[in-house]
Each structure stands twice: as structure tokens, then as C-alpha cells.
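Residue-level listing of the chains:
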Amino acid sequence: KIYRLNLNDNLRLDTVRNLFLLGCYTSLRYSDFSAIKSTDVIKDESGYILKIKTKKTGKVVLIPLMKNAIEIMQKYNWNLPKAISNQKFNEYIKDVGKMAGITKEHTLSKTYNNKGIPITKQKYLFISSHTARRSCLTNMYLYGFNEYDIMTLSGHSNVVSFRLYIKADSLQKARKLLTGDKKDYFLKPSNERQLMEV
């Protein structure tokens, strides 16, 4: 919905939306995806690869650029507009989410004093720059990419911290099992009887 939203009459929100989508396509943090430069992009026979030293960890990550990410970079002649503050970005991306119709009520559990407190509000109000990173990692996971391959893009050094980023609900995880490379296990009921008899 955010990708398809027409923002031709609002340059500021169009820029914020495009930066947010870059985060969704690269798994980078705001401090990194908002500062991508043309010199960070390598082009070879395999395509475009983003090579960037992440500001938070100092790790160098190599990220193959998706078609949509390339289109955004080309729109700005491979040099993004000057970044605004993360606080302002988070304010504006909520406006984009609202305009895109991401208004269904959504409940998240926030931890206060070791207790999970449910918070319900319209979904666009939960959107922030960090949503882009979580969305990228979750979508790649649900698409079936290997966890360790995804971790090389995100810069995570261990599986436990990486899995905290995966925001797939139980239904999405069940669907992933039904459509993944082990789907035959679920599509052949006779296997269950044979396995139980062993």
C-alpha cells in the first residue's frame, strides 16, 4: 500500500516513503539507509550490490539490490536527498501510513515492569523507521530464504538476536511450513502413520 500510494503532490512525504521502502528492501537501519551514496553501490555482471559499513556495529555488509530499490536510487540519480532527523522521519512515515489506508486496529504487547501490557491503536501509528528493517527480515524469512543468508545482510552475529526481529505471527509461520521446501511432509497424510509405526 505504501509503495502504490501516489505522493506526486507532496515531495517531502514522497521522499520519506522512498527512504522507508529502501529500508524495507535492504534491512538497513535508518542511520544507514538514509545515507546511501552512489559510491556505496557496486555494479558488476551479477547486478547491483550495496556495500556499506553500518554505523551502529561498524560491520561491512554486502546487500544485493532488488529491482524496486534500484528504481528508487535511480530516481535520485544514485544520491539520496539530505536526511532529516529520525524523529521527524518517524512522524512523517506515520502520515504516509495513514494516507495509504493502514488504519485497521492492531494490538501489540509492550513490556512494563516484566509484564506484558497490550496496546491497541490504528496500525499506522506503530510504523517507524525500524519497521522497515523488521519488515525486510520478516518478509525474507517468510519467502523462504535461509536464516544465515539473511543474517549476512542484516549484520546479526547470532540467531537468537536475529529471531527477535522476525515478526511473523503463528498463522504466517504455519503457511510458511505448508509452502516451503518441506511441504510434502504435510501433503502426504500416509507418512504420519508410517512414522508413528517406526
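Overview of the structure.

Conventions and cut-offs
- Every chain's residues receive numbers from 1 upward, in the order its sequence appears when written.
- Local features in this predicted model are restricted to residues whose pLDDT is 70 or higher, and side-chain atom pairs enter the listing and the counts only when it is 80 or higher, whereas totals over whole chains, interfaces and linings include all residues.
- Only hydrogens and water are set aside; all other atoms, that is, all heavy atoms of the structure, feed into the side-chain values.
- The helix count covers DSSP runs of H or I at least four residues long, the strand count covers runs of E at least two residues long, and both are numbered beginning at the N terminus.
- When accessible area is computed with a 1.4 Å probe and restricted to protein chains, residues below 20% of their type maximum are described as buried, those above 50% as exposed, and intermediate ones as partly exposed.
- Accessible areas in this description were obtained via Shrake-Rupley with a 1.4 Å probe; residue shielding takes into account the shown protein chains only.
- Only one rule defines a salt bridge in this text: a Lys or Arg side-chain nitrogen within 4 Å of an Asp or Glu carboxyl oxygen.
- Strand pairing is defined by DSSP finding a minimum of two bridges between the two strands.
- For helices, the fitted axis covers only the stretch in contact; all axes are lines through C-alpha atoms, and the angles between them, taken along N-to-C directions, range from 0 to 180 degrees.
- Directions drawn from the helix axis to the C-beta atoms are what define this arc.
- It only takes one pair of heavy atoms within 4.5 Å for two residues to be counted as in contact.
- To estimate how far a helix should extend, the number of its residues minus one is multiplied by 1.5 Å.
- Planes of paired rings set the category: under 30 degrees apart is stacked, over 60 is edge-to-face and the rest tilted, where pairs are Phe, Tyr or Trp rings (Trp by its six-membered ring) whose centres lie within 6.5 Å.
- Handedness of a crossing follows from how the near helix is turned relative to the far one, being left-handed for an anticlockwise turn of less than a right angle and right-handed for a clockwise one.
- Residue type decides the class: Asp, Glu, Lys and Arg count as charged, Ala, Val, Leu, Ile, Met, Phe, Trp, Tyr, Cys and Pro as nonpolar, and the leftover types, Gly among them, as polar.

Before going further, it helps to spend a moment on the overall build of the protein. Looking only at helices and strands, the protein has 10 helices and five strands in total. Considering the protein as a whole, with its 198 residues, one finds that 36% of them fall into the buried category. Roughly 12,900 Å² of accessible area belongs to the protein as shown, and the carbon and sulfur atoms make up 53% of that amount.

Next up on the list: the pattern of salt bridges. A full pass over the atoms with the stated rule returns four salt bridges. Measuring nitrogen to oxygen at the nearest pair gives 3.7 Å for the salt bridge that ties aspartate 40 to lysine 37. You can call aspartate 40 buried: its relative accessible area is 11%. The closest approach of N and O atoms between lysine 88 and glutamate 91, which form a salt bridge, is 3.7 Å. Residue lysine 88 and its partner glutamate 91 are located together in helix α4 (residues 86–99), separated by three residues, close to a single helical turn. Taking relative accessible area as the criterion, lysine 88 reaches 37% and is therefore assigned partly exposed.

Turning our attention to the sheet that holds strand β2 (residues 47–53). With respect to topology, three strands assemble into an open sheet ordered β1-β2-β3, the strand pairing being antiparallel. The strands lining the two open edges of the sheet, one partner per strand, are β1 (41–44) and β3 (60–64). Looking at each pair of strands side by side, their axes are set apart by 25 degrees on average, direction ignored. In the sheet, β1 pairs with β2 via four bridges, with the strands oriented antiparallel. By the bridge assignment for β2, isoleucine 42 is matched with isoleucine 49.

With that settled, the discussion passes to helix α3 (residues 67–75). Listing the buried residues of α3 in full gives Ala69, Ile70, Ile72 and Met73. Along the long axis of α3, the arc covered by the buried residues comes to 160 degrees, so they all point the same way. Along its buried surface, α3 packs onto α1 (11–26) and β2. Among the residues trailing α3, asparagine 77 stands out with phi positive, at a value near 55 degrees.

Its 15 residues give helix α5 (residues 129–143) an end-to-end C-alpha distance of 22 Å, which sits within 8% of 21 Å, the value for a rise of 1.5 Å per residue. The complete set of buried residues in α5 reads Ser129, Ala132, Arg133, Cys136, Leu137, Thr138, Met140 and Tyr141. Phi for glycine 144, located one or two positions after α5, is positive at around 110 degrees.

The full count for this structure, using the stated rule, is five aromatic pairs. A centroid spacing of 5.4 Å and a plane angle of 90 degrees characterise the contact between tyrosine 30 and phenylalanine 33, whose relative ring orientation is edge-to-face. Taken together, the residues tyrosine 30 and phenylalanine 33, both in helix α2 (residues 30–33) and three residues apart, mark about one turn of the helix. We note that tyrosine 30, like phenylalanine 33, is buried. Ring geometry for tyrosine 30 against phenylalanine 89: centres 4.8 Å apart, planes inclined by 45 degrees, an arrangement best described as tilted. Of this pair, tyrosine 30 sits in helix α2 while phenylalanine 89 sits in helix α4, and the two are 59 residues apart along the sequence. For tyrosine 30, a relative accessible area of 8% corresponds to the buried category.

For the pair α1 and α5, interaxial distance at closest approach is 6 Å and the crossing angle is 35 degrees. Crossing handedness for the pair α1 and α5: right-handed. Residues Phe20, Gly23, Cys24, Tyr25 and Thr26 of α1 form the contact with α5, whose own contacting residues are Thr131, Ala132, Arg133, Ser135 and Cys136. Residue composition of the contact of α1 with α5, by class: five nonpolar, four polar and one charged.

Turning to the environment of alanine 35, a few remarks are in order. Considering the arrangement of structural elements, one finds alanine 35 in the loop between α2 and β1. A relative accessible area of 29% means that alanine 35 is categorised as partly exposed. Along the sequence, alanine 35 and alanine 83 sit 48 residues apart, while their C-alpha atoms lie 6.9 Å from each other. In this structure alanine 35 touches Asp40 and Lys55, once residues within four positions along its chain are discounted.

No statement about biological role is implied by the geometric values presented.
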